[in-house]
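Fold and geometry: a report
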Amino acid sequence: MAFVRCPSPTCHDRLQDFRDLKGDAEVAAAERALLPELEEGEHFVAKAFHRCQNGSCRRVQKKNNWRAGAYLPEGF
C-alpha cells in the first residue's frame, strides 16, 4: 500500500491509500481504461499501476506519476 495524491472528484485531490491491482478482471479493466492514456509506444504493465482505496473511488494511476491514470468502469 502507498499513501499518494488522488485527483479524482471522489477524493478531492487529497492523499489516499493505494494498493496494487488485484485479480485478472481488475487488471483487464485497468488495461482497457489506461490504454488511451499511455504514451506512444508504451505498454501496459500492471505492476506499474495502483488503485485508490477510498470508498467508491475507481482511480487507477501510475505509481511514479499520479497524473497518468484513468478510472475503472462501474462495478470495479
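Below is a summary of the structure that appears in this document. What you are looking at is a predicted structure, and each value in this text was computed from that prediction instead of being measured.

Let's shift gears to the overall build of the protein. Scanning the protein from terminus to terminus reveals one helix and five strands. Scanning the protein from its N terminus toward the C terminus, one meets helices and strands in the order β-β-α-β-β-β. A compact globule built from 76 residues should have a C-alpha radius of gyration of about 11 Å, and the protein, at 11 Å, falls within 12% of that. When the 76 residues of the protein are sorted by exposure, 34% land in the buried category.

Attention now goes to the side chain of Glu26. By the secondary structure assignment, Glu26 is in helix α1 (residues 23–34). Sequence-distant contacts of Glu26, defined by excluding residues within four places in its chain, comprise Arg19, Asp20, Leu21, Arg51, Leu72 and Phe76.

What follows is about the pairing of strand β4 (residues 59–62). The pairing of strand β3 (residues 49–52) with β4 spans three bridges and is classified as antiparallel. Each residue of the ladder has a partner; that of Phe49, found in β4, is Lys62. Adjacent in sequence and paired antiparallel, β3 and β4 are bridged by six residues, among which Gly55 carries a positive phi angle near 45°. By the bridge criterion, four bridges tie β4 to strand β5 (residues 65–71) in an arrangement that is antiparallel.

Here is what the cut-offs are and how they apply
Residues numbered from 1 in each chain as written. Predicted model: local features only at pLDDT ≥ 70, side-chain atom pairs only at ≥ 80, totals over all residues. Heavy atoms only, no water. Helix = DSSP H or I, 4+ residues; strand = E, 2+ residues; numbered from the N terminus. Rg over C-alpha atoms; globule rule 2.2 N^0.38 Å. Buried < 20%, exposed > 50% of the residue type's maximum accessible area, 1.4 Å probe, protein only. Contact = heavy atoms within 4.5 Å. Pairing = 2+ DSSP bridges.

Fair warning: the whole summary comes from geometry, so function is off the table for now.
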